[in-house]
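Structure at a glance
Okay, here's what each chain looks like letter by letter:
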Amino acid sequence: MTVSKNINNPVGMGGGKRKRLSRAERQNNGPHRNLDRQGAADQKAELVRKMREKARAAEGAGQAGDATAQS
């Protein structure tokens, strides 16, 4: 079977059934990756929000502890 030298020239790939890929998609930067990156950004934002809430709670508890120690 002949081996293709070009991804957009699918020799031996079943009569051209493969989708022609744009340059960005060939570099793994297609629309599916944008969705993955958006999901990752959402997860990161959620994690940062949770960490900030924990930090505020710990800071508040620390200040309450200082106030009782001074009394």
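Residue positions are given per chain, counted from 1 along the sequence in the order it is written. The predicted origin of the model limits local features to residues at a pLDDT of at least 70 and limits the giving and counting of side-chain atom pairs to 80 or more, whereas totals for whole chains, interfaces and linings rest on all residues. By convention in this description, side-chain values take in all heavy atoms of the structure and omit both hydrogens and water.

1. A closer look at the overall build of the protein
Rules: Where helices and strands are cited, they refer to DSSP runs of H or I of at least four residues and of E of at least two residues respectively, numbered from the N terminus. Note on classification: 1.4 Å probe, protein chains only; a residue is buried when its accessible area is under 20% of the maximum for its type, exposed when over 50%, partly exposed between these limits. Residue burial considers only the protein chains on display, and all accessible areas are found by Shrake-Rupley using a 1.4 Å probe.
Secondary structure summary: the protein contains two helices and zero strands in total. Within the protein, the fraction of its 71 residues that count as buried is 3%. As displayed, the protein has an accessible area near 6,400 Å², and 52% of this comes from carbon and sulfur atoms.

2. Details of the pattern of salt bridges
Here is the rule we go by: Any carboxyl oxygen of Asp or Glu within 4 Å of a side-chain nitrogen of Lys or Arg constitutes a salt bridge here.
What the rule picks out here adds up to two salt bridges. A salt bridge links Arg49 to Glu46; its shortest N-O distance comes to 2.4 Å. Of this pair, Arg49 and Glu46 both sit in helix α2 (residues 31–70), separated by three residues, roughly a single helical turn. For Glu53, the salt bridge is made with Arg49, and the minimal N-O distance between the two is 2.6 Å.

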